[in-house]
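Listed below are the residues making up each chain.
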Amino acid sequence: MAVGHGDSSSSDKKSTDALTDLQTFNAENLQSNMKVIYYSRTFLSIIGGVIAGILGFKGLIGFVFYFLVMAVTSAALTAKAKFSIHSYFDTWNRVLLDGFFGGLMSFVLFWTYPSRF
Amino acid sequence: MGLGFTVGVIGVLILGHAAYSTIQYRSLLKITEEEFSGPPMEVVLELLVGLLFCMWAALTVPGKFLSVHPHSDENRYVSLCVRLRYSQIYCVVDFTGNTYVTLVRLTVSCLLCI
């Protein structure tokens, strides 16, 4: 990418470059990162459901436990991304919210399953 | 990834043992006709250890995060490869020793470089 000549043209180029950088992502890597988050959340939703079932949680406290597990997962994923989310994702919502409600179904399934025993 | 997978399996086994212990404990409570308020403290500690192991495995086994910036160090090999492909000069030497230099060929072949 050529460097601009002159102050005004260089600043315009820098703002254009910044805009271009914001809009262009390596889509393949972004999708790979999304898959990593999805697998992590799904597995931990299942494990959270098993633990809630063993502890005998009933009613609202089970859902509170699920939100707690997901909050810890979000914090751990943020730490895995070395707290620079914009290097690996386009928005914060990807790390904090993506897969949140998808995992809830798995959690409920494994939470209620041990009650049969 | 191998270590993470092993840790995950150990975590799941610990949780399985905790589940079995809780089932046994509940059977005992049924015999004594007491209400189940929660598993014993040892099982709770076992669950905590199992959760930690599984959490570590869940974060390491799926893989690393890859940078999405097109000009980052991780993606430099790909962009360098594209630049090389755009500016190649082919030299062919025949059996008489004459060298034929083709023109610069512009080829879109970034996919081959990955």
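An unreviewed UniProt entry annotates chain B as Membrane magnesium transporter of Linum tenue. The UniProt entry for chain B carries this comment under Subunit (unreviewed entry): "Component of the ER membrane protein complex (EMC)." The Sequence similarities (unreviewed entry) comment attached to chain B in UniProt states, word for word, "Belongs to the membrane magnesium transporter (TC 1.A.67) family."

Chain A has the name ER membrane protein complex subunit 6 in an unreviewed UniProt entry, where Linum tenue is given as its organism. UniProt, in the comment section headed Subcellular location (unreviewed entry), describes chain A in these words: "Endoplasmic reticulum membrane". Taken directly from UniProt, the Sequence similarities (unreviewed entry) text for chain A runs: "Belongs to the EMC6 family."

## Observations regarding the overall build of chain B
Within chain B, the secondary structure is distributed over four helices and two strands. The order of helices and strands in chain B, counted from the N terminus, is α-α-α-β-β-α. Burial statistics for chain B: of 114 residues in total, 26% are counted as buried. Taking as baseline every contact in chain B between residues at least 6 positions apart, the subset at least 24 positions apart corresponds to 48%.

## A word on helix α5 (residues 100–112) of chain A
For α5(A), with 13 residues, the first-to-last C-alpha span of 19 Å sits near the 18 Å given by 1.5 Å per residue. The inward-facing, buried residues of α5(A) contact α2 (27–55), α3 (60–80) and α4 (93–96) of chain A.

## Remarks on the UniProt feature "transmembrane region" (unreviewed entry) in chain A
Residues annotated in UniProt with the feature "transmembrane region" (unreviewed entry) correspond here to residues 38–57, 63–83 and 95–113 of chain A. Within the segment residues 95–113 of chain A, helix and strand shares are 79% and 0% respectively, and the terminal C-alpha atoms sit 29 Å apart.

## Things to note about the environment of A:His86
You can see A:His86 is positioned in the loop between α3 and α4. With near-sequence residues (within four places) excluded, A:His86 lies in contact with A:Trp92, B:Val68 and B:His69.

Rules used in this analysis
- Throughout this document, residue positions are counted from 1 along each chain, in the order its sequence is written.
- Whichever chain is written first is A, and whichever ligand is written first is 1; the rest continue in order.
- Only residues with pLDDT of at least 70 get local features here, since the model is predicted, and only at 80 or more are side-chain atom pairs given and counted; chain-wide, interface and lining totals rely on the full set of residues.
- Side-chain calculation: all heavy atoms of the structure are included, whereas hydrogens and water are not.
- UniProt positions are given in the numbering used here, feature names are shortened, and annotations may be inferred rather than shown by experiment.
- Strands here are runs of E lasting at least two residues and helices are runs of H or I lasting at least four, both read from the DSSP assignment and numbered beginning at the N terminus.
- Note on exposure labels: buried denotes an accessible area under 20% of the residue type's maximum, exposed denotes more than 50%, and partly exposed covers the range between, all computed with a 1.4 Å probe on protein chains only.
- The criterion used for residue contact is that any of the two residues' heavy atoms lie within 4.5 Å.
- Every helix has an expected span of 1.5 Å times one less than the residues it contains.

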